[in-house]
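What follows is each chain in one-letter form.
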Amino acid sequence: MQTEFIKLAVIFIVIMVMVLAKLKLRDAMIAAILMTVILFGIPLGDAAKLMIQSVYEKDTLLVVGSFILVTFLQRIMENRKLLERAEMALQRLSGDRRMVCVIAPVIIGFLPSAGAVNICGAIVDKATGKDLDVEEKTFVTSYYRHISESFSPTYNAILLALSITAVSTGQFVLFMAPMVVVLLVLGYVFYLRKLSKGYEAGEDETIDKKEEFKQLLYCFWPLVLCIVLVIALNLSVIKVLPFIIVLSIIVYRLSLKEVLDFAKTSVEWRIIFNTIILMMFKNILTYTGAIGKLPDLFAGSAIPQFAAFGIIMFLGTIISGANSMIVLLIPLAFASIPHAGAGLLVYLMALSYAAMQISPTHICLAIITEYFRVSWGQLMKKTIPVIVVFVVILTGYYVLLSGFGI
């Protein structure tokens, strides 16, 4: 078993080194596949068969299909400027700058687009004025924009994690919800509470709140309905999104040309190819049988199994990103920890989310620091204390869930 673990460690190190060398994740995963085949002596014929099967297997098709549908919905919302219009309605409806800084980025965050962080930046900058310094504005924008990424099944990482476990989407979202509340509260306690409620004098106070609410509903109903149906009916996103998209085409009166254009631009081949490569690596790693033997390695260890996996997930995500760690570590953790279920998935995915907020490989952090003209280090100064507190609370939450057998 020690020999097999060393082989897994070598593969893991290769991934991290390549990412640190600023090579593409795709290239790192291809190298990891080759290393797995060589180190474990997988016959080339079997390896080729596994890779071909990975392209058209159900899990791959579900992840890729869901991503394409989410991107299509994103194109509709961008084209109709629904996000910008929703921000204005939310501002007028609430009259509370703190609510705007929280709600608008969180809802915009349901769309998996790195470019959306700049929309959030403009909203936060306008809402906070001179009451937050530029480092705090950068943190608030990045932090609240990514909270949706911790639990929303509109994200590829969540879809990927759910596809390789037996945990349902509804279970995951339900048990992640308390941690989402913790994230919302921590951002307020650390920074937003210093922000006064109202906007500066001179704002137009003749507001028809009924009309503003209608505007907000008009802009956000596709996202809200999607999440409600997924949770309430315990359905996968790929089953819900076609219905949402058809309704959106009707409600927003898209022309045939617009539908065809959005369909074309929703197929982002780079991301699809990366997803397929990740699924290939998952299947080849599973084929080795090393995953099923991992529990023996931790027998008698002084570190609890969940904590050991948590540390690896957190540090590995900082270095190599979420997707590679999800594919590499979650199957190992679920094979090693008895009765693993929704609680363990919430724990590992929340740690992955937390790690991405301080990862230099996270593209959104590069975009938002450039927007506000601050350094990555300045953003980290504001982010790390919040993340440390979150991880401590998360660990206690997992212990509680595991005590109830969740």
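First, a word on what this report is: a plain description of the structure on this page. (Residues numbered from 1 in each chain as written. Predicted model: local features only at pLDDT ≥ 70, side-chain atom pairs only at ≥ 80, totals over all residues. Heavy atoms only, no water.)

1. Regarding the overall build of the protein chain
What the protein chain contains, in helices and strands, is 20 helices and 0 strands. For a compact globule of 406 residues, the expected C-alpha radius of gyration is about 22 Å, and the protein chain comes in at 22 Å, within 12% of that figure. By sequence separation, contacts in the protein chain at least 24 residues apart represent 80% of the contacts at least 6 residues apart. In the protein chain, the 33 positive side-chain charges and the 27 negative ones have mean positions that sit 2 Å from each other. (Helix = DSSP H or I, 4+ residues; strand = E, 2+ residues; numbered from the N terminus. Rg over C-alpha atoms; globule rule 2.2 N^0.38 Å. Contact = heavy atoms within 4.5 Å. Lys, Arg positive; Asp, Glu negative; His and termini not counted. Charge placed at Lys NZ, Arg CZ, Asp CG, Glu CD.)

2. Remarks on the nonpolar core
F172, F281, I330 and F390 are the most contacted members of the largest nonpolar core, which has 141 residues in total. Per-element tally for this core: the top contributor is helix α18 (residues 342-356), with 13 residues. If we skip the residues at most four places from it in the chain, F390 touches M179, V182, L183, L186, A350, Y353 and A354. (Core = buried A, V, L, I, M, F, W, Y, C linked by side-chain atoms within 4.5 Å. Buried < 20%, exposed > 50% of the residue type's maximum accessible area, 1.4 Å probe, protein only.)

3. A few points about the state of the cysteines
Should the sulfur atoms of two cysteines be covalently bonded, the bond is a disulfide. Scanning the entire structure with this criterion turns up 0 disulfides. Cysteine C101 remains unbridged, with the sulfur of C120 as its closest cysteine sulfur at 10 Å. The structure places no disulfide on C219, whose sulfur is separated from the nearest cysteine sulfur, that of C120, by 15 Å. Judged by its relative accessible area of 0%, C219 is buried. (Disulfide = S-S within 2.5 Å.)

4. A short note on the packing of aromatic side chains
A full pass over the atoms with the stated rule returns 12 aromatic pairs. Taken together, F139, Y143, Y144, F190 and Y191 form an aromatic cluster joined through their ring pairs. (Phe/Tyr/Trp six-rings, centres within 6.5 Å; stacked < 30°, edge-to-face > 60°.)

5. Regarding the packing of helix α4 (residues 58-79) against helix α14 (residues 269-287)
The contact between α4 and α14 brings their axes to 10 Å, and the two run at 155°. Of the possible angle classes, the one that applies to α4 and α14 is roughly antiparallel. For α4 against α14, the interelement crossing comes out right-handed. Of the residues in α14, those touching α4 at D59, T60, V63, V64, F67 and I68 are I271, I272, T275, I276, M279 and K282. Looking at the contact of α4 with α14 residue by residue, the classes come out as 8 nonpolar, 2 polar and 2 charged. (Axes fitted to C-alpha atoms, helices over the stretch in contact; angles between N-to-C directions. Parallel < 35°, antiparallel > 145°, perpendicular 65-115°, else oblique. Left-handed = near helix turned anticlockwise from the far one by under 90°. Nonpolar A, V, L, I, M, F, W, Y, C, P; charged D, E, K, R; others polar.)

6. Side note on helix α10 (residues 169-190)
With 22 residues, α10 ought to run about 32 Å at 1.5 Å a step, and its terminal C-alpha atoms sit 31 Å apart, in line with that. The sharpest bend along α10 comes to roughly 40°, located at A177, with the proline P178 sitting one to four residues further on. Among the residues of α10, those classed as buried are T169, G170, F172, V173, F175, M176, M179, V180, V182, L183, L186 and G187. (Expected span 1.5 Å × (residues − 1). Bend = angle between axes of the 7 residues up to and from the residue.)

7. Some remarks on the pattern of salt bridges
Counted according to the given criterion, the structure contains 10 salt bridges. Taking the shortest distance from any N to any O, the salt bridge between K137 and D125 comes out at 2.8 Å. Of this pair, K137 sits in helix α8 (residues 134-147) while D125 is found in helix α7 (residues 116-128), placing the two residues 12 residues apart along the sequence. When the shortest N-O distance is used, the salt bridge between K381 and E135 registers 3.3 Å. Of this pair, K381 sits in helix α20 (residues 376-403) while E135 sits in helix α8, placing them 246 residues apart in sequence. By relative accessible area, which is 51% here, K381 ends up exposed. (Salt bridge = Lys/Arg side-chain N within 4 Å of Asp/Glu carboxyl O.)

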